Amino acid sequence: MSQLVIGLTGGIGSGKTAVSDLFAKKGIDIIDADVVARQVVEPGSEALLKIADKFGEQSILSDGSLNRPFIRQLVFADKSNKQWIDDLLHPLIRAVMNQQIKQAQSPYCILAVPLLVENGMNKMVDRVLVVDVDEHTQLQRASARDGQSKEQVQKIINAQASRKERLHLADDTIDNSATLDELIPQVERLHKQYLSLIKKQ
């Protein structure tokens, strides 16, 4: 088990994946909430069957996987739908992530959670690392990457914790407003810092 758990977070389009990929290249185990969230609703899973039971056959695609666009519409249309899905999936996601933290072999591990602050998952980690960019950059990157309109991306930004709220909880920050080349030395510095913290324990 890793001696230190780093919670990696940031708003939509901030570049969390680029940062976690750089840590992974250093041999650090990455536990990704988005990956786990897909695992708990795999075809045939109990959670997926419960979703179909609640929202009808439309919620499952012909290949047996979750109809994400349909669920996204339901969630944005009605907060009670979001609450129901959160109540079903969050305990399952947390349980799998806790299991993966225990299995992590690297000196420290990264728990990458987009909604770390919003879902109170900062309590699961030893330090919070925020990938920080301004809202304009978020809009540009997320709309270019996902093919969503800037209005749709803005709605997601508005539903997430504010930049100020995230930075308030941050122990460490990475400025990702520029290029990938400028990320590398920041990750290198933090990697050394985390290894140093472990030695002091």
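Quantities reported herein were computed from a predicted structural model and do not represent experimental measurements. (Residues numbered from 1 in each chain as written. Predicted model: local features only at pLDDT ≥ 70, side-chain atom pairs only at ≥ 80, totals over all residues. Heavy atoms only, no water.)

1. Looking at the sheet that holds strand 3 (residues 108–112)
If you walk across this open sheet you meet the 5 strands as 2-3-1-4-5, and the pairing is parallel. The two strands at the open ends of the sheet, each matched to only one other strand, are strand 2 (29–32) and strand 5 (172–175). Ignoring strand direction, the axes of neighbouring strands in this sheet form an average angle of 25°. The pairing of strand 2 with strand 3 spans 4 bridges and is parallel. In the strand pairing of strand 3, Asp32 is matched with Ala112. (Pairing = 2+ DSSP bridges. Helix = DSSP H or I, 4+ residues; strand = E, 2+ residues; numbered from the N terminus. Axes fitted to C-alpha atoms, helices over the stretch in contact; angles between N-to-C directions.)

2. Topic: the packing of aromatic side chains
Evaluation of the coordinates by the stated rule reveals 4 aromatic pairs. The interplanar angle of 25° and the centroid separation of 6.4 Å between the aromatic rings of Phe23 and Tyr194 together place this pair among those described as stacked. Within this pair, whereas Phe23 is found in helix 1 (residues 16–25), its partner Tyr194 is found in helix 9 (residues 180–200), the two being separated by 171 residues in sequence. Neither Phe23 nor Tyr194 differs from the other in exposure class; each is buried. Both rings, one in Phe55 and one in Trp84, keep their centres 5.5 Å apart while their planes meet at 85°; by these two values the pair is edge-to-face. Of this pair, Phe55 sits in helix 3 (residues 46–55) while Trp84 is found in helix 5 (residues 79–103), placing the two residues 29 residues apart along the sequence. An aromatic cluster of three or more residues is present, and its members are Phe23, Tyr108 and Tyr194. (Phe/Tyr/Trp six-rings, centres within 6.5 Å; stacked < 30°, edge-to-face > 60°. Buried < 20%, exposed > 50% of the residue type's maximum accessible area, 1.4 Å probe, protein only.)

3. Observations regarding the packing of helix 6 (residues 135–146) against helix 7 (residues 150–159)
Here helix 6 crosses helix 7 at 125°, and the two axes come no closer than 9 Å. Taken as axis vectors, helix 6 and helix 7 run oblique relative to one another. Both helix 6 and helix 7 take part in a crossing whose hand is right-handed. Where helix 6 approaches helix 7, its residues Glu135, Gln138, Leu139, Gln140, Ala142 and Ser143 are matched on the opposing element by Lys150, Val153, Gln154 and Ile157. Taken together, the residues that form the contact of helix 6 with helix 7 break down as 4 nonpolar, 4 polar and 2 charged. (Parallel < 35°, antiparallel > 145°, perpendicular 65-115°, else oblique. Left-handed = near helix turned anticlockwise from the far one by under 90°. Contact = heavy atoms within 4.5 Å. Nonpolar A, V, L, I, M, F, W, Y, C, P; charged D, E, K, R; others polar.)

4. Here's the deal with the pairing of strand 5
Side chains Asp172 and Ile174 project from strand 5 onto a buried face, and the interleaved Thr173 and Asp175 project onto a face without burial. With 4 bridges connecting them, strand 4 (residues 127–132) and strand 5 associate as parallel partners. Pairing of Asp132 across the sheet is with Asp175, part of strand 5.

5. Thoughts on helix 4 (residues 68–77)
Along helix 4, the positions that sit buried rather than exposed are Phe70, Ile71 and Leu74. For helix 4, the angular spread of the buried residues around the axis is 95°, confining them to a single face. Exposed side chains of helix 4 directed beyond 90 degrees from the buried face belong to Gln73 and Phe76. For helix 4, the N-terminal cap is Asn67; the gap from its side-chain oxygen to the backbone nitrogen of Phe70 is 3.3 Å. (Arc of directions from axis to C-beta. Polar contact = N/O pair within 3.5 Å; in protein donor to acceptor, adjacent residues only side chain to side chain.)

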